[in-house]
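Fold and contact review
What follows is the residue order along each chain.
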Amino acid sequence: MSRSTLRYVARRDDQLALRRRLRELAAVRVRFGYRRLTVLLRREGWTVNAKRVWRLYREEGLTVRTKGRKKLASRARVPPRRATAPHQCWSMDFVHDRLINGRAFRVLTVIDQFTRECVALVAASTWRGKDVAAVLETVVQARGVPDSITVDNGTEFQSRAMDVWAHRHRTTLAFIRPGKPVENTFIESFNGRLRDEGLNTHQFISLSDAQQHLDRWREDYNAVRPHSALDDRTPDEIRLAHETADAGGTQVSSLRLTEDRQTGSAHHVEAVRLNVALV
């Protein structure tokens, strides 16, 4: 192998403008594949071929399912933006467990992606779309409606009741791609903590017993338990600090990268900076 080949560094243009326009078109034409999007781009004067659009199309995660499951007015195709403040983006999922008599139940988990706060933690033996919508309705009356809620493709979340609820409140159900739980990492991480610290350490004799325990665990999780992703602060501290900053007009920094002094590992910290550095 020649030295020039070994040391070659690609100088391909990132084509940010083309990527941005492709995402905009895909957000409007939610069922158009890359070939139709190529035609639209050419009509606008972009000098592109189908192969280039296909490459950018895949890299941007815009691939369309060949067969849609349901007609959902609130379904988002373009991945939602990263949360920069409380109450912008939530995540939602279910966790399974059993009572001491073997009866199965599921826990609906809802968290705020920015503060990591557990917004709702509700146990029930069965869940339907209208049940999930009822829980969210109670939550948003006290907290307001988020811009988006990231969910998987479970039948409860794809139900007509959930679609109507989201459309009525003008929020977006951001469905992850099937088989891609890593696209909802916030809730997956939370569910692991819930199972390890809250469910596996107790035996529940009834559903009401489980709900009482979940309520206590949720309060401790939000107000007492330190979070490494929040620089060992609690979700309540982050939320209150951010609300104080908003009231005082102070600029808030939503993301900083810290390094763990003991392990040397990097942590993305959703933190609030109020004119002074976090200690």
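Structure: above.
Residues numbered from 1 in each chain as written. Predicted model: local features only at pLDDT ≥ 70, side-chain atom pairs only at ≥ 80, totals over all residues. Heavy atoms only, no water.

**A few points about the overall build of the protein chain**
Secondary structure assignment for the protein chain yields 9 helices and 7 strands. Restricting the contact set of the protein chain to residue pairs at least 6 apart, pairs at least 24 apart contribute 60%. Here the protein chain displays about 16,600 Å² of accessible surface, and carbon together with sulfur accounts for 49% of that area. (Helix = DSSP H or I, 4+ residues; strand = E, 2+ residues; numbered from the N terminus. Contact = heavy atoms within 4.5 Å. Areas by Shrake-Rupley, 256 points an atom, 1.4 Å probe, with all protein chains shown as cover.)

**Details of helix α3 (residues 34–43)**
Along α3, the positions that sit buried rather than exposed are Tyr34, Leu37, Thr38, Leu40 and Leu41. Along the axis of α3, the buried positions cluster into a sector of 165°, meaning they face one direction only. α3 presents Arg35, Arg36 and Arg43 as exposed residues on the side facing more than 90 degrees away from its buried surface. Buried residues along α3 sit against α2 (16–28) and α4 (50–59). Immediately downstream of α3, the backbone of Gly45 shows phi near 105°, a positive value. (Buried < 20%, exposed > 50% of the residue type's maximum accessible area, 1.4 Å probe, protein only. Arc of directions from axis to C-beta.)

**Describing the pairing of strand β4 (residues 148–151)**
For a regular strand, side-chain orientation follows a simple rule: the groups alternate between the two sheet faces. Both faces of β4 are covered, namely the face carrying Ser148 and Thr150 and the face carrying Ile149 and Val151. Examined bridge by bridge, strand β1 (residues 89–98) and β4 share 3 bridges and lie parallel to one another. The residue of β4 that forms the bridge with Cys89 is Ser148. Relative to strand β5 (residues 172–175), β4 runs parallel, the two sharing 4 bridges. Counterpart to Thr150 in the pairing with β5 is Ala174. Handedness of the β4-helix α6 (residues 160–169)-β5 crossover: right-handed. (Pairing = 2+ DSSP bridges. Right-handed = clockwise from strand over helix to strand, strands pointing away.)

**A look at the pattern of salt bridges**
Under the counting rule described, the total for this entry stands at 13 salt bridges. For Arg21, the salt bridge identified is with Glu44, shortest N-O distance 2.6 Å. A residue pair is termed long-range when its members are at least 10 positions apart, and Arg21 in helix α2 and Glu44 in the loop between α3 and α4 qualify at 23 residues. Residue Arg23 pairs with Glu60 through a salt bridge whose shortest N-O separation is 3.2 Å. Residue Arg23 is found in helix α2, and its partner Glu60 is found in the loop between α4 and β1; the two are separated by 37 residues along the sequence. (Salt bridge = Lys/Arg side-chain N within 4 Å of Asp/Glu carboxyl O.)

**Digging into the packing of helix α7 (residues 185–199) against helix α8 (residues 207–223)**
At their nearest, the axes of α7 and α8 sit 11 Å apart, and the two run at 120° to each other. Taken together, the axes of α7 and α8 lie oblique to each other. Crossing hand, α7 versus α8: right-handed. Contacts between α7 and α8 involve Phe190, Arg193, Leu194, Glu197, Gly198 and Leu199 on the former and, on the latter, His213, Leu214, Trp217 and Tyr221. By residue class, the composition of the contact of α7 with α8 is 6 nonpolar, 2 polar and 2 charged. (Axes fitted to C-alpha atoms, helices over the stretch in contact; angles between N-to-C directions. Parallel < 35°, antiparallel > 145°, perpendicular 65-115°, else oblique. Left-handed = near helix turned anticlockwise from the far one by under 90°. Nonpolar A, V, L, I, M, F, W, Y, C, P; charged D, E, K, R; others polar.)

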